[in-house]
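Observations on the model geometry
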Amino acid sequence: MAKASRRRTLTIRRGLTNFYLMAVVLTLVVLVQATLLARVRLVGASPNLLLVVVVCWSLIRGVSDGLIWGFVGGLALDVIAGLPIGTSSLALMATTPLAGLGKNSVFPGSLTLPILLVALATPVYGWMVLLSEMIRGIPVDWLASTVRIIGPEIALNVALVVIVYPALRWLATQIRPAQMEW
Amino acid sequence: MSRVSSRTFLIFALAAVSVVLLILSSSNRLGPVEGALSSAGRPFLTTFSGLGRQINNMITTARDLAALRGRNNQLQTMVDTLTIDNLRLQEAESENERLRSLLKFRQLNPNYDFRGGQVIARVIGKTPSNYLQSITIDLGSEHGIKPGMPVVTERGLVGRIHKVGALSSTVLLIIDPSSGVPALIRGNRLSGVVAGRAGGQPVMEFIPQDEKIALGDTVITSGLGGNFPKNLVVGQIVEVRQRDYEMFQQATVRPTVNFDRLEVVLVITNFQPLPGEPGEPESVG
């Protein structure tokens, strides 16, 4: 009885820790994205820190965690960016199953997998945003957007992985060890 | 098994919520909520934006210091101590210059009304999305700002007010692909529409095929359609594309405004866009 109660308390405490961590990290990420990174424009695009964080977190903590981070972070970004609410959430959530492919990698410390996944997730995210815009009746130039926006964004996002992934891995180990997901 | 099911449920539940929010937001039913959230986030945005500017300044200063160190080591100590004061002075001076330029624009265009103490809107944010070219300014409905109002700098047309919150507004830039500005070429008075291009410079479309266009000609607003006042500078023609099989020719326009370095803008408050004109939707490439 006492054991079950202790386990429940532990679960609640972990849940709260995860919630606080998510709130702090995502608030910071969205503010940095909206203010600092929005000023960084290289070859026509800005890096997407939120996307990189969501993909890396999905890789470290699993698809379910990534989905929630993508949903919450996307809502916050849409409010600040002035995009219709839900656009970024949907696009970010679409990238998390991709990240789940490498969840149980035998080389969790290696940067190769997160770099590869971010490189794949960037066009998925971009095309999801373009698709949602097209559905809402806005003319979309798919080729130009892919070449001029998504292409440079891949390079910038991949560069961010080098900093973001180790930082998130360290953060994750401070909370609790990762669990295998099947 | 149950784990897989709960994850699938989570995916569908969150996706469903997102789609519902997207539909409500697209049909402007979440306007008050979005406005309230945007107002709540404004102080943080302003703070972080200022921080970003400071960091930019500090990076520039650091570069300057590195160059100075190479040239003259003896002055290093003095430079270090004066850097902070210099920063402040430079900031004040450049702001002073910008304000003077804006004042000149006001004097040259006395017909446009500028809001008393809030004449100048400060840019407090740039869109964090690569799929929308907009900026956020620190004036909102409480300052008399309304959707559709043109936004300019002393260098030319910036865009127009797209979304209005209580204390801040979003300006859709003329380089956004969903933006269309009726314009004419100052030299030969040819009219067309300047539209943004994904990741590229805007293009003036619908120019009659048989007309000659000179590179370097200035493009100004034509006032047609009633969305923008007449005679605001848009940019300069840098490239002309003419194909025999097309009905119209196109000209690439380099905007006179540097959208990456916008810090202060003017909102023309006495210009009323024609009713029924659609506010541009959020854009993509």
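All values derive from a computational prediction rather than experimental measurement.

**Some words on the overall build of chain B**
In terms of helices and strands, chain B carries three helices and 12 strands. Each of the 285 residues in chain B was classed as buried or not, and the buried ones make up 37%. Residue pairs in contact within chain B that sit at least 24 positions apart in sequence constitute 58% of those at least 6 positions apart.

**Thoughts on the overall build of chain A**
Along the backbone of chain A there are six helices and zero strands. Along its sequence from the N terminus, chain A presents helices and strands in the succession α-α-α-α-α-α. Here chain A holds 182 residues, and the buried ones make up 46% of them. Long-range contacts, defined as pairs at least 24 residues apart, comprise 68% of the intrachain contacts of chain A with a sequence gap of at least 6.

**A closer look at unusual backbone geometry**
All names here are of chain B. One non-glycine residue, Arg 189, adopts positive backbone phi at about 60 degrees. Along the polypeptide, Arg 189 turns up in the loop between strand 6 (180-185) and strand 7 (191-197). Under the C-beta neighbour-count criterion, Arg 189 is labelled exposed, with 10 such atoms within 10 Å.

**Notes on the pairing of strand 1 (residues 120-126) of chain B**
Residues and elements named next belong to chain B. By the criterion of burial, strand 1 is predominantly enclosed, with five of the seven residues buried. One ladder, built from three bridges, connects strand 1 with strand 2 (residues 134-137); its direction is antiparallel. Of the residues in strand 2, the one forming a bridge with Lys 126 is Ile 135.

**Focus: the interface of chain A and chain B**
Across the contact, 42 residues belong to chain A and 46 residues belong to chain B. Secondary structure elements with two or more residues in the side of chain A that touches chain B: helix 1 (2-35), helix 3 (63-81), helix 4 (87-100), helix 5 (112-135) and helix 6 (142-175) of chain A. A per-element tally of the side of chain A that touches chain B places helix 3 of chain A first, with eight residues.

**Focus: the sheet that holds strand 7 of chain B**
Ordered in space as 6-7-8-11-10-9 (chain B), the six strands form a closed barrel in which the pairing is antiparallel. Recorded for the sheet is a direction-independent mean angle of 45 degrees between the axes of neighbouring strands.

**Some points on the sheet that holds strand 12 (residues 264-267) of chain B**
Residues and elements named next belong to chain B. Here we have six strands rolled up into a closed barrel, ordered 1-2-5-4-3-12, and antiparallel in their pairing. Averaged over neighbouring strand pairs, the angle between their axes works out to 45 degrees when direction is ignored. Pairing of strand 1 with strand 12 involves three bridges; the strand directions are antiparallel. Across the sheet, Ile 120 pairs through a bridge with Leu 266, a residue of strand 12.

**A closer look at the pairing of strand 7 of chain B**
Within a regular strand, the side chains alternate between the two sheet faces. All names here are of chain B. The pairing of strand 6 with strand 7 spans five bridges and is classified as antiparallel. If you follow Leu 184 over to strand 7, its bridge partner there is Ser 191. If you look at the hairpin formed by strand 6 and strand 7, you'll find five residues sitting between the two strands, and Arg 189 has a positive phi there, around 60 degrees. In this structure, strand 7 lies alongside strand 8 (residues 200-208), joined through four bridges in antiparallel fashion.

**Side note on helix 5 of chain A**
Residues and elements named next belong to chain A. Here helix 5 contains 24 residues, and its C-alpha end-to-end distance of 35 Å stays within 8% of the 34 Å for a straight helix at 1.5 Å per residue. Where helix 5 is concerned, the buried positions are Pro 114, Leu 117, Val 118, Ala 121, Thr 122, Tyr 125, Gly 126, Val 129, Leu 130, Ser 132 and Glu 133. Positive backbone phi, approximately 90 degrees, marks Gly 137, located one or two places after helix 5.

**What to know about the environment of Gly 35 of chain B**
All names here are of chain B. Inspection of the secondary structure puts Gly 35 in helix 2 (residues 31-71). In sequence terms Gly 35 and Lys 163 are 128 residues apart; their C-alpha atoms lie 9.0 Å from each other. Not counting residues up to four positions away in its chain, the partners in contact with Gly 35 are Gly 165 and Ala 166.

**Considering the confidence of the model for chain A**
Here chain A averages 83 in pLDDT, and 90% of its residues register 70 or above. Taken element by element, the predicted model of chain A shows its lowest mean pLDDT in helix 1 of chain A (80) and its highest in helix 2 (residues 49-61) of chain A (91).

**Quick look at the nonpolar core**
Grouped together as the largest cluster of nonpolar side chains are 106 residues, with contacts concentrated most on Val 53, Val 55 and Cys 56 of chain A together with Val 158, Val 234 and Val 267 of chain B. Per element, the largest residue contribution to this core is 12 residues, and it comes from helix 3 of chain A. With residues up to four places along the chain from it excluded, the contact list for Val 158 of chain B reads Val 151, Val 152, Thr 153, Val 171, Leu 173, Ile 174, Val 257, Leu 262 and Val 265 of chain B.

Conventions and cut-offs
- Residues numbered from 1 in each chain as written.
- Chains lettered and ligands numbered in written order.
- Predicted model: local features only at pLDDT ≥ 70, side-chain atom pairs only at ≥ 80, totals over all residues.
- Helix = DSSP H or I, 4+ residues; strand = E, 2+ residues; numbered from the N terminus.
- Buried ≥ 20, exposed ≤ 12 C-beta atoms within 10 Å, placed from the backbone.
- Contact = placed C-beta atoms within 7 Å.
- Pairing = 2+ DSSP bridges.
- Axes fitted to C-alpha atoms, helices over the stretch in contact; angles between N-to-C directions.
- Expected span 1.5 Å × (residues − 1).
- pLDDT = per-residue confidence, 0-100.
- Core = buried A, V, L, I, M, F, W, Y, C linked by C-beta atoms within 7 Å.

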